[in-house]
Every structure is written in structure tokens, then in C-alpha cells.
Amino acid sequence: MRAAADQTPDMTPRPRARVTLAPNLPPRGLSSAEAAAYIGVGQTKFFELMRDGLMPKRVRIGGRSVWDRRKLDEAFDALAGNTQADDGDPWEKLAL
């Protein structure tokens, strides 16, 4: 009798290999901690923003909650439009 692909010959589960993406390929779905860090705030502030409708809701994948990076970008761009404008990037004013 053959063992299933996810089991060793003695029928114990095989350890799952951690898959890492190439550095130039960011993940599309982010955990709450990653999503908060992605927009530059702590998790508490991120959940406040989400509760206030300023950040997207989570997507459930099985038992896991993830946030779509593209929707985070859209929400962050909308936040930037609501903040008081500053003088821009000081480096842009330098002549090269």
C-alpha cells in the first residue's frame, strides 16, 4: 500500500515546505499585521480605519483573513486626498 503524497511511508504527515515569493513579487494578500505595516500604522489604528470605512474589509480564505494589497493602495490613495496638502517633496525643488 502506498502512502498518500502528503504522508511519509510510515503514514506520518510530511512537514509542509514554506513557500517564499521572489523579492520582486510582493504577496497580494496580507495579514492584518502586514496590512497595517504596509500603510505605515499599527494594528490598532489599522482596525480603527477599517471600522470607520477608510480601509477595506478583510477577505476570508478558508479560516484565514487577508487584505488585498491593491485595495489597500486604493484606500490609502483616498486617505491621501483627504489630508491637508504639504509643500510636496523637498527633493523635487532641488535643481540637478
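In the block above lies the structure referred to throughout.
Residues numbered from 1 in each chain as written. Predicted model: local features only at pLDDT ≥ 70, side-chain atom pairs only at ≥ 80, totals over all residues. Heavy atoms only, no water.

S.K.: Mind showing me how you'd approach the environment of Gly29 here?
M.R.: Assignment of secondary structure puts Gly29 in strand E1 (residues 29-30). For the pair Gly29 and Asp68, spaced 39 residues apart in the sequence, the C-alpha separation amounts to 4.9 Å. Apart from the residues within four sequence positions on either side, Gly29 is in contact with Glu34, Val66 and Trp67. (Helix = DSSP H or I, 4+ residues; strand = E, 2+ residues; numbered from the N terminus. Contact = heavy atoms within 4.5 Å.)

S.K.: What is the right way to look at the sheet that holds E1 in this model?
M.R.: Pairing is antiparallel in the open sheet, where three strands are placed in the order E1-E3-E2. Edge positions in the open sheet fall to E1 and strand E2 (59-61), since each of these has one partner strand only. Bridge analysis of E2 against strand E3 (residues 64-68) gives three bridges, and the strand direction is antiparallel. The residue of E3 that forms the bridge with Arg60 is Ser65. (Pairing = 2+ DSSP bridges.)

S.K.: Could you clarify how one ought to interpret the packing of aromatic side chains in this entry?
M.R.: By the definition in use, this model includes three aromatic pairs. Note on Phe46 and Phe47: the rings are 5.9 Å apart at their centroids and 65° apart in plane angle, and the pair reads as edge-to-face. For Phe46, a relative accessible area of 0% puts it in the buried group. Assessed through its relative accessible area of 36%, Phe47 is described here as partly exposed. (Phe/Tyr/Trp six-rings, centres within 6.5 Å; stacked < 30°, edge-to-face > 60°. Buried < 20%, exposed > 50% of the residue type's maximum accessible area, 1.4 Å probe, protein only.)

S.K.: Sorry if this is basic, but what is going on with helix H1 (residues 32-39) here?
M.R.: For an α-helix, 3.6 residues make a turn, and residues three or four places apart therefore share a direction. Inspection of H1 places Ser32, Ala35, Ala36 and Ile39 among the buried residues, and these make up the whole buried set. End-on view of H1: buried residues confined to an arc of 100°, all on one side of the axis. Where H1 ends, the next residue or the one after it, Gly40, has phi of about 90°, a positive value. (Arc of directions from axis to C-beta.)

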